[in-house]
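# A look at the structure
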Amino acid sequence: MSSRRVPANHQSTYDCIIVGGGPAGLTCAIFLGRCRRRVLLLDNGRPRNYAAQAIHGFLGQYEISPRELLKRGRAEAQAVGVEFCDCTVEKIQRVGDCFDVMTSVGKMSGRRVVLAYGVRDKLPDIPNLEKYYGGSIHHCPDCDGYEVTGKRIGIIGSGKKAVSLALKLLQWSDQLTVLTDGHEREWTTEHTSKLLALSIDVKDEKIVALTGDPPRLTAAVLSSGEQVALDAVFFIIGTEPSCRLAEDLGCAAIEDTPCFVVDDYKQTTVEGVYAIGDLAPGAQLAITAAADGAVAAIAVNKSLLEPARRV
């Protein structure tokens, strides 16, 4: 982040305050800055993909690291006048036609708010997993499936989504093993039969250790003592919101998901509040998050036009 200080002119009202500095928030900031809006981006520096070694599927940026992509995005945003503040947002409340944003370093005010703080992945409770996370252990096959083509892949999970993930991974490899990590299988015998018919093994024992030279994995050690040889692992435990700002504002959530109801322009059920990236329904990819940011920025800019300038 470019600055840890409260912006010098933070007492005045911004056209838009963006909460979250990932691909979604940065793209939104860039487009609004290009529209010559006063924009403040608030970020606590804890992105969802903090462990990833590279971003895949982002047009023209193959193998770029998340850190480098954000560095370039911030530089581009600053070039068009976007202001930054490294802080944690604690509360947002509507005050008349604006929103007061209370943060760990002070209060700011904005006419519009864009929520881009994303979600966090729930990690499997396995010793030393984080040493391999982002290198050999992943949560998104759309992002990292191609890079493990033909390799030995484990799938950690015990619900129907784990079965679905295993079947999807057949696009890249036929050497698959589902690892329930000691949890009871929460799928039907029909699902088990489908896995076995496709030569996908299932191991029910708890994973007690991972072996390999981090971040490169070689095997998962089960409580039975068996070592399952693996080159990569995908897990599907679930996600949780990074905070409750949207709920506290009254934004309607989509049941059983970390996402919120938005219209075609990413506005939530609360007028003037937008949700983008992983907070909006749809594919959870860096490139789609960036697209959300652009869509929201154009809508925010239009909403700020004076009535006399609208047709």
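Above this text sits the structure in question.
Now for a description of the structure that goes with this document. (Residues numbered from 1 in each chain as written. Predicted model: local features only at pLDDT ≥ 70, side-chain atom pairs only at ≥ 80, totals over all residues. Heavy atoms only, no water.)

## Some points on the overall build of the protein chain
Within the protein chain one finds 7 helices and 17 strands. The C-alpha atoms of the protein chain give 22 Å as radius of gyration, which agrees with the globular expectation for 311 residues (19 Å, within 12%). Expressed along its principal axes, the backbone C-alpha trace of the protein chain runs to roughly 70 × 35 × 35 Å. Across the 311 residues that make up the protein chain, the buried fraction comes to 49%. By sequence separation, contacts in the protein chain at least 24 residues apart represent 61% of the contacts at least 6 residues apart. Summing over all exposed atoms, the protein chain offers an accessible surface of approximately 15,400 Å²; the carbon and sulfur share of this is 49%. Looking at the protein chain, you have 35 positive and 38 negative side-chain charges, and the mean spots of the two groups are 7 Å apart. (Helix = DSSP H or I, 4+ residues; strand = E, 2+ residues; numbered from the N terminus. Rg over C-alpha atoms; globule rule 2.2 N^0.38 Å. Buried < 20%, exposed > 50% of the residue type's maximum accessible area, 1.4 Å probe, protein only. Contact = heavy atoms within 4.5 Å. Areas by Shrake-Rupley, 256 points an atom, 1.4 Å probe, with all protein chains shown as cover. Lys, Arg positive; Asp, Glu negative; His and termini not counted. Charge placed at Lys NZ, Arg CZ, Asp CG, Glu CD.)

## Here's the deal with the packing of helix α1 (residues 23-34) against helix α2 (residues 66-79)
Where α1 contacts α2, the axes come no closer than 9 Å and their chain directions differ by 20°. Classified by the interaxial angle, the pair formed by α1 and α2 is roughly parallel. Taken as a pair, α1 and α2 cross one another with a handedness that is left-handed. Between α1, through P23, L26 and I30, and α2, the contact on the second element is made entirely by L69, L70, G73, R74, E76 and A77. Classifying every residue of the contact of α1 with α2 by side-chain character gives 6 nonpolar, 1 polar and 2 charged. (Axes fitted to C-alpha atoms, helices over the stretch in contact; angles between N-to-C directions. Parallel < 35°, antiparallel > 145°, perpendicular 65-115°, else oblique. Left-handed = near helix turned anticlockwise from the far one by under 90°. Nonpolar A, V, L, I, M, F, W, Y, C, P; charged D, E, K, R; others polar.)

## Brief notes about the nonpolar core
One finds L42, I92, L115 and Y117 to be the most contacted residues of the largest nonpolar core, which totals 27 residues. For L115, the residues in contact, after removing those within four places along its chain, are V19, I92, A246, L249, V273, Y274, A275, I276 and L279. (Core = buried A, V, L, I, M, F, W, Y, C linked by side-chain atoms within 4.5 Å.)

## Some thoughts on the sheet that holds strand β12 (residues 207-213)
Ordered in space as β12-β13-β14, the 3 strands form an open sheet in which the pairing is antiparallel. This sheet does not close on itself; its edge strands, each paired only once, are β12 and β14 (227-229). Recorded for the sheet is a direction-independent mean angle of 30° between the axes of neighbouring strands. Bridge count for strand β13 (residues 216-222) against β14 is 3 bridges, and the pairing is antiparallel. Bridge pairing in β14 places V221 opposite Q227. (Pairing = 2+ DSSP bridges.)

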